[in-house]
Protein chains: 8
Amino acid sequence: MIRDLLEKVRTGDIGIEEAQEGIIRLLYEQGEDFLLDLHRHRRTGFPEVIYARGKSTDQVLRIVRSFLDSGGRAFVSLVDDEQERAIREAFPQARILRAGSLMAISTSGERPGELGTVGVLTAGTADTPYAAECALMLEEIGARVIRAFDFGVSGLHRPFLGIRQTREADVLVVFAGMDGILPTMIASLTDKPVIAVPTPVGYGFGGGGETALRAMLQSCVPGLLVLNIGNSVGAASAAARILTSIRRRTDGQV
Amino acid sequence: MIRDLLEKVRTGDIGIEEAQEGIIRLLYEQGEDFLLDLHRHRRTGFPEVIYARGKSTDQVLRIVRSFLDSGGRAFVSLVDDEQERAIREAFPQARILRAGSLMAISTSGERPGELGTVGVLTAGTADTPYAAECALMLEEIGARVIRAFDFGVSGLHRPFLGIRQTREADVLVVFAGMDGILPTMIASLTDKPVIAVPTPVGYGFGGGGETALRAMLQSCVPGLLVLNIGNSVGAASAAARILTSIRRRTDGQV
Amino acid sequence: MIRDLLEKVRTGDIGIEEAQEGIIRLLYEQGEDFLLDLHRHRRTGFPEVIYARGKSTDQVLRIVRSFLDSGGRAFVSLVDDEQERAIREAFPQARILRAGSLMAISTSGERPGELGTVGVLTAGTADTPYAAECALMLEEIGARVIRAFDFGVSGLHRPFLGIRQTREADVLVVFAGMDGILPTMIASLTDKPVIAVPTPVGYGFGGGGETALRAMLQSCVPGLLVLNIGNSVGAASAAARILTSIRRRTDGQV
Amino acid sequence: MIRDLLEKVRTGDIGIEEAQEGIIRLLYEQGEDFLLDLHRHRRTGFPEVIYARGKSTDQVLRIVRSFLDSGGRAFVSLVDDEQERAIREAFPQARILRAGSLMAISTSGERPGELGTVGVLTAGTADTPYAAECALMLEEIGARVIRAFDFGVSGLHRPFLGIRQTREADVLVVFAGMDGILPTMIASLTDKPVIAVPTPVGYGFGGGGETALRAMLQSCVPGLLVLNIGNSVGAASAAARILTSIRRRTDGQV
Amino acid sequence: MIRDLLEKVRTGDIGIEEAQEGIIRLLYEQGEDFLLDLHRHRRTGFPEVIYARGKSTDQVLRIVRSFLDSGGRAFVSLVDDEQERAIREAFPQARILRAGSLMAISTSGERPGELGTVGVLTAGTADTPYAAECALMLEEIGARVIRAFDFGVSGLHRPFLGIRQTREADVLVVFAGMDGILPTMIASLTDKPVIAVPTPVGYGFGGGGETALRAMLQSCVPGLLVLNIGNSVGAASAAARILTSIRRRTDGQV
Amino acid sequence: MIRDLLEKVRTGDIGIEEAQEGIIRLLYEQGEDFLLDLHRHRRTGFPEVIYARGKSTDQVLRIVRSFLDSGGRAFVSLVDDEQERAIREAFPQARILRAGSLMAISTSGERPGELGTVGVLTAGTADTPYAAECALMLEEIGARVIRAFDFGVSGLHRPFLGIRQTREADVLVVFAGMDGILPTMIASLTDKPVIAVPTPVGYGFGGGGETALRAMLQSCVPGLLVLNIGNSVGAASAAARILTSIRRRTDGQV
Amino acid sequence: MIRDLLEKVRTGDIGIEEAQEGIIRLLYEQGEDFLLDLHRHRRTGFPEVIYARGKSTDQVLRIVRSFLDSGGRAFVSLVDDEQERAIREAFPQARILRAGSLMAISTSGERPGELGTVGVLTAGTADTPYAAECALMLEEIGARVIRAFDFGVSGLHRPFLGIRQTREADVLVVFAGMDGILPTMIASLTDKPVIAVPTPVGYGFGGGGETALRAMLQSCVPGLLVLNIGNSVGAASAAARILTSIRRRTDGQV
Amino acid sequence: MIRDLLEKVRTGDIGIEEAQEGIIRLLYEQGEDFLLDLHRHRRTGFPEVIYARGKSTDQVLRIVRSFLDSGGRAFVSLVDDEQERAIREAFPQARILRAGSLMAISTSGERPGELGTVGVLTAGTADTPYAAECALMLEEIGARVIRAFDFGVSGLHRPFLGIRQTREADVLVVFAGMDGILPTMIASLTDKPVIAVPTPVGYGFGGGGETALRAMLQSCVPGLLVLNIGNSVGAASAAARILTSIRRRTDGQV
């Protein structure tokens, strides 16, 4: 323990050189504790999410419980229906929400305060589950979300409608499959940050989201920010980081 | 020869069974000649194009000459500057045009009559050489071409402008690189046939036209007709086939 | 509303500059309505198709109903058997057809008039479902379809047979898997537009239609028009666009 | 012209219905002009960049001149040395800067005011040219840039150093090739937005930036924002969008 | 009919020119019949195989029956267990064999005479079903097959053992998955034709036979003849073609 | 037999030339036996593992029995639950262990002596089954294994913790999915051999372990030793080879 | 030496056990010599070819010389012009031939006797250099080659022509780029072995021979034997193996 | 500085809590220095290598000089001839070696002591430059290298020869291109660690080393340790790590 070494320095039991040597050695031995401290000091804008796929229901329950015990909240992604049932049974008092395959479980009463506003848009109905996960995640960490899902008919007017509906947002998250055209159209009409998330919607060659991913990376409008296919949690985290930067400035922090 | 067999039938030298047998045998032996006749009978809407890459200048000159001798016209694709120089020197009397890396050489005076109208559009300046090849090819076979190249500024208004400029076209050929978005936008605004040609314009992952190709194949607007990257001659041929179908009906042929 | 602005101009309540400014602002605010009008004005040759995969049966039924209410017809692609059953139960009076995984539901009595003729060809029995979807779609929008499916034996004579059977067609749609050879052979024997659709038929490396797609894009006969693997609806749409161009000319429209 | 219609409404030459009809028709005919107006009204945070590759020196000069004439500034990406020389000769009075293959040319005296602060980091010396392009672009549009290039030795301490040096930044842009590990390490130590740009630095299988791109998309730390390989201009644009969102809030705009 | 034309030539009803013209026209109209004749004349060393996947049991039964009626034999590849059961029930008198997913059904008593000898080798137990299909196919068309499957232990001695066991073969077919090393080792020890068939045996990256396929195409021993992954029927056909060429020479035909 | 030839040489029945000729011939004929001898002479550090996938339960049981009979031990990889049950029933006296999908069955009492120490580390919980297989395999062949699985929280401290926990190991095996970052971080902190095993853990583009594999091959820390995705048995074998080399030196063998 | 051991057996200096042990040990120590003997005993139908790319001119000359010294012949593939010049200067007396980038150098007077006949066909002029290499290689090892290059016009008749011209061949080698259609058409018209060699001729996506390779592997005609792109030497070797098998039977060897 | 804090603790200027707090803060602020200390304490078995590609000659010289000044040695990989010349001119007194594109420059007299023995093998002449780089690197860090390059003739005996020549090695590094067969054959004959390095030697599809890489990852012999294509420096580093582990045990360290 650093404390012990300091105590001995104070009492003169050891010299400064020796103490310094000892601290280095300690850090080498216990580097992780030191680094954990670093982590604890860092203001984290985004909670850890439990990845349920490939875990047994028991494992998931145990990890959820430990999260609830320590922080009053747990997020589980890629849950299946059996895991959901088990979680609901195990935590009957908790407030539980599900969107797509993401669950938010909380036992502490309060929600975080207002972090900022995110516009979440989809190109088609099939993209909705991914967008819903992203929106749930964002709301749970204190963001206001404007949903612009499912315009009903397709066509060139869609980006205009989307832009108007999300006028108050600080950042836009746009989900699209197939040729991934919507984020580029949105980005051509706004100077806000646009986070583009390809979804596994499509057919034939390059279906499964790969064409959308490539088209977003190759966008003819500069400045699109791209995530991996279906990565709704990552998109929420990225949006939260931007909101945090905005808040830090409006709070006059940095 | 079929003729000889028929002659022998007429003179009674051989019976009908034997003649029939002989004709079958002849065709088996000389199937290609029979098939050549088929080809000669077929009305071909599109000339053969000489692929210059990998051929020596001498080879190219020899083939051009044989085309000029037999039909008064020759097309050479993927010419380099040395090959162009040699062609111009070898055929000083010919009418010679070049667009991109395509040359049209003709010694016969007249151009084919009006075949119909094609709109050729590009997404950016870098797509122009490909579009120019396609337009030259189409004009040389008798089509009217409306060029809608190089709108100067980018943005969502581009497809509207393109649609308006090519209002009189029977078919549209749209060249685009990067994310290949323009043909899809055009197709969402018109019910005309839209031929989409990806160009090798782009950067990084999926540059070289591959992302544009994939996005066109995965277009969220149904009915896009796609060609391989940079295949301007194929696009001209495809457009010519459509014009030919139109003309056949307007001429009341079929 | 533009109307209100015009009214005020008439009454002299506002000046022309102000009205013009207001119209621009309105359009910016309500761009989508403006664009919707554009869409309504555009003569659409092809109906929207409901993509059933990933939608719940309830969602599909609700969307089908809204299509039937507004236009008397609905098309659903990629239906599964449960969805089909639910649709048949929900709309017992409707005329319902199914081919492959495409359903056509109509409650309005009349079919569209004659649009033109399309030849639909297949390379093998396994390609038939895709070709059947394309043919159904085309017939429902008013095209005459000549089916040239399933020649029974394979060999070089197949393209000749196909060409002869579809002699009256304005455009050919050719479905092929494996090495995708048939469209190229067809295109070498005709000057009609040839739409090539790869199917997910094949084995081992490049099975699933990818080899057929690549071979069609790399065809040694120029002018093949290619769609994504299994994209029968897109092929029908593309053929309809060509028929529409023909009809516009024969009607003397453009 | 809308103006003419309004004039006629005022004079009573046409009724309101007719004027409304006429405006719709005009917009359909001249949609692009309307949309251009939209674009002019939109506050654009990022200038258009001229892509020099594949353009002749003459073409580049002409476009640069038109940019300088209209806005006093021009950016040219992917310039080669000959193009640079020609630009310097053609505009001897201009203030000209070059980083990597990006040139910034300006004839108007003033630079834009402070937009915010961006930290630009690199994983290795070979990433520097891309990072320099991004930094130049950002400074030219009014951002303050903290460069954290080239730490000299490699190791786990690098992200700590990078984090400390860019403490005042609102957003971080991190360039890395090979296994693309640095952005993930940075993102694990900060809650700021992290824009990850793969560079074409590496060897053998997956060199050329593709492995870095994939690793960034697959990052085990959520919230990384990814751009295409070497897309320094896109990264600058994305950072500018984030700064703009921050500024809008600190200015109390939205 | 050609016959009718010949008859008219004989009777003098038509001249030779006219008859020749008519024959050409007939062939154009009925090209497929002509080509069918060609096919019937060609000595075919290999029967057509019915591809069962994607066909209904009824379809398969109907095609099998037509094959048995016309030639006394049918081959069905990629059968599933239900299809096998139905075939066995439908043709209780037939001699039916199954290997892997290939079935051979015959109602005619005699087997074809001796065509030559093929050595069929496998690298591991998992390759056996593919090799068994190939061997069954070959035996059914009259080849003698030496099976060298499943050596029990692995190691460098395996190719020696394989070579010795198949000493009397005219051609070797070698099945291997994973790194596909066996065919190359065999080819380095013999001057016989070696047909290499990758199998979908392996794990992780490049499993599913793709690595084996690539390694066979890239073999450091020249002369390996490669087929697609799991293409046992194609391998049997290729071996039969070689045996046919041998037999033609030993019979003194060509 | 060589013995017979030697006997005849001794008795003078054959001359030396003839005997030499005969031995060569024998070896050619029986090359495999000779090579088998070579194999038996070679000290093998690693047992053969039975690959259960695609084998029937009967086949697996038969092979396990033959291994137990000859050597008292058998390893079965990729077992499913049915196969495990059958093995446990068939060999009730055997000591049976299972980790992931690997089973170790032994009937001989003693375990091999101490071979050396291996540290086995994982990046996340989902990697554990693969690491457990590797660890079981290693322990069964006589290695001591230090497991450093599942650190509970993620972050930069993880490699420090891993390094400290496995301080006594001669070689480290590190399992990681997603971006495969952990082995590189470990390798940057130690000079021990680091065997990196990608696992099929991830999502979207490049999930399934491919991104981890590529990142490990492209590691910015030199000296990472990479295996195929999920290849836990190969990793155990590789580690065993290194331990064997160490032991050979400490035993003063080579 | 085995000889020494045998001598000692004869003189009774060592017992049979000891001699046997010694022979095993010797073979282990000198396995390669034993195996070399095996190789010398094997009748090799195909000479080794020197791969010139990446070797210095000096290295190439030295290896050519050693081949000429030992066997009177040398083959060098992938030579560049400088290497060719050096070879011609170094061996002025040799008979030297070049086709494509393959050189054949021979100093021994006689050519091998007649091995059989190979038909070598090309789909287009650009495939000729590869076919010429294959033909030269085959002629140098004693095969008769029928060249069917460059039919002048394209179309469906080409395979008929090719079949007829190569009627006397035992095996056909067909070179094709682009969509690689020719070998499949040839194989549908003959029962001879067809070796298909993709060439790096094509454009855009899948150019460089990859589409041709895939189409050949996915051929709808069973029995195509495929080699890697441009592998003319491998094709010659494969054809030679087939001719050798034929000759062995006609000579009554096996 | 930690030292200052300790001093203050000793003098009682600050309390223990405060000192502890201060140390944590310091480390957070100067984490990299702390981590640098860690790095300095770690015994590094392998020097850093300067990657010359993409650096100017001046940059390379400056970095080489700084390495020579601090440690007396520098390694430069991927040097071109101009860079080599400049280095030789700049450091005329240094001992300079070059193999492939790797240079070793040293100004300090002594070489490191014996670290252990590595066998370096190649499959063909074209692999030699990569193997030579690896061998040079290893020798410079104190390893003994047994080179087994270039066996002159190809065949199955090669691995036996390689095994015998490298009998005294602790670890083998095997370089191979094309189908990458050699490392697998070597690994089947030895229980030593085998490091497999694919080289960019090959042709057509999968040339450039990719097939070799895949085959090594998919090896049918377990325990192959794979590096990226051409990664000779990584292979040397990996071998050095193994030697270091051996030495640590033989020295009785761990």
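Refer to the structure above for everything that follows.
Residues numbered from 1 in each chain as written. Chains lettered and ligands numbered in written order. Predicted model: local features only at pLDDT ≥ 70, side-chain atom pairs only at ≥ 80, totals over all residues. Heavy atoms only, no water.

Trainee: I would appreciate a short explanation of the side chain of K192 of chain F in the present structure.
Mentor: Mapped onto the fold, K192 of chain F is located in the loop between α8 (181-187) and β8 (194-198). Buried charged residue K192 of chain F carries no salt bridge. Nearest counter-charge: D191 of chain F, at 6.8 Å. Excluding residues that lie within four positions of it along the chain, K192 of chain F makes contacts with T166, R167, E168, A169 and D170 of chain F together with R241, S245 and R248 of chain H. (Helix = DSSP H or I, 4+ residues; strand = E, 2+ residues; numbered from the N terminus. Buried < 20%, exposed > 50% of the residue type's maximum accessible area, 1.4 Å probe, protein only. Lys, Arg positive; Asp, Glu negative; His and termini not counted. Salt bridge = Lys/Arg side-chain N within 4 Å of Asp/Glu carboxyl O. Contact = heavy atoms within 4.5 Å.)

Trainee: Quick question: what am I supposed to make of the environment of A19 of chain F here?
Mentor: Positionally, A19 of chain F belongs in helix α2 (residues 16-29). Residue class for A19 of chain F comes out buried when judged on its relative accessible area of 0%. Excluding residues that lie within four positions of it along the chain, A19 of chain F makes contacts with L5, V9 and I14 of chain F together with L6 of chain G.

Trainee: Whenever I open this one, the environment of A169 of chain F confuses me. Can you help?
Mentor: Residues and elements named next belong to chain F. Assignment of secondary structure puts A169 in the loop between α7 (157-165) and β7 (171-176). Linking A169 and G119, residues 50 residues apart in sequence, is a C-alpha distance of 5.3 Å. In this structure A169 touches T117, V118, G119, I146 and K192, once residues within four positions along its chain are discounted.

Trainee: Could you clarify how one ought to interpret the pattern of salt bridges in this entry?
Mentor: Tallying each qualifying case throughout the model produces 96 salt bridges over all chains. R248 of chain D serves as the salt-bridge partner of D191 of chain A, at 2.6 Å between the closest nitrogen and oxygen. Within this pair, whereas D191 of chain A is found in the loop between α8 (181-187) and β8 (194-198), its partner R248 of chain D is found in helix α10 (residues 232-250), the two belonging to separate chains. With relative accessibility at 9%, the residue D191 of chain A sits in the buried group. For R248 of chain D, a relative accessible area of 10% gives the class buried. Three or more residues are tied together by salt bridges with common partners; here these are D81, E84, R88 and R98 of chain A.

Trainee: Please clarify how the sheet that holds strand β1 (residues 49-51) of chain B should be interpreted in this entry.
Mentor: Two pairing modes exist for strands in a sheet, parallel and antiparallel, and in both the strands are linked by backbone hydrogen bonds. Residues and elements named next belong to chain B. One open sheet accounts for four strands, arranged β1-β2-β4-β3; its pairing is mixed. Because the sheet does not close on itself, it has two edges, and the strands there are β1 and β3 (95-99). Each neighbouring strand pair of the sheet contributes to a mean axis angle of 20 degrees, computed without reference to strand direction. With five bridges connecting them, β3 and strand β4 (residues 102-106) associate as antiparallel partners. Its bridge partner lying in β4, I96 is registered against I105. The sheet strands contacting helix α5 (residues 81-90) are β2 (73-77), β3 and β4, and the helix crosses β3 at an angle near 165 degrees. Contacting β1, β2, β3 and β4, helix α6 (residues 128-140) runs over the sheet at an angle of about 150 degrees to β3. (Pairing = 2+ DSSP bridges. Axes fitted to C-alpha atoms, helices over the stretch in contact; angles between N-to-C directions.)

Trainee: Explanation requested: the pairing of β2 of chain B in the structure shown.
Mentor: Successive residues of a regular strand alternate their side chains across the two faces of the sheet. Residue and element names in this part refer to chain B. With four of five residues buried, β2 is to be regarded as a mostly interior element. Where β1 and β2 come together, three bridges link them in parallel fashion. Among the inter-strand pairings, I50 is bridged to a residue of β2, identified as V76. What joins β1 to β2 is helix α4 (residues 57-71), and the crossover it makes is right-handed. Two strands pair when backbone bridges link them, and β2 and β4 are joined in this way by four bridges, in the antiparallel orientation. Residue pairing across strands places R73 opposite S106, the latter belonging to β4. (Right-handed = clockwise from strand over helix to strand, strands pointing away.)

Trainee: Teacher, can you tell me more about the interface of chain A and chain D here?
Mentor: Often, the extent of an interface is quoted as the loss of accessible area upon association of its parts. Each side of the interface is counted separately: chain A has 43 residues, and chain D has 43 residues. Buried area between chain A and chain D, both sides added, is near 3,500 Å², and the carbon and sulfur share of it is 54%. Per-residue buried area on chain A facing chain D is highest for D191, L217 and R241 of chain A; these three make up 21% of the total on that side. In this structure, the connection of chain A to chain D is made through four salt bridges. In this structure, R249 of chain A engages D170 of chain D in a salt bridge whose closest nitrogen and oxygen atoms are separated by 2.3 Å. Sorting the residues of the side of chain A that touches chain D by element identifies α3 (31-41), β8, α9 (210-217), β9 (225-226) and α10 (232-250) of chain A as the ones contributing at least two each. Here the element with the most residues in the side of chain A that touches chain D is α10 of chain A; it accounts for 11 residues. Class assignment for the residues of the side of chain A that touches chain D results in 20 nonpolar, 13 polar and 10 charged. (Buried area = accessible area lost by both parts, 1.4 Å probe. Nonpolar A, V, L, I, M, F, W, Y, C, P; charged D, E, K, R; others polar.)

Limitation: the analysis is restricted to geometry and does not speak to function.
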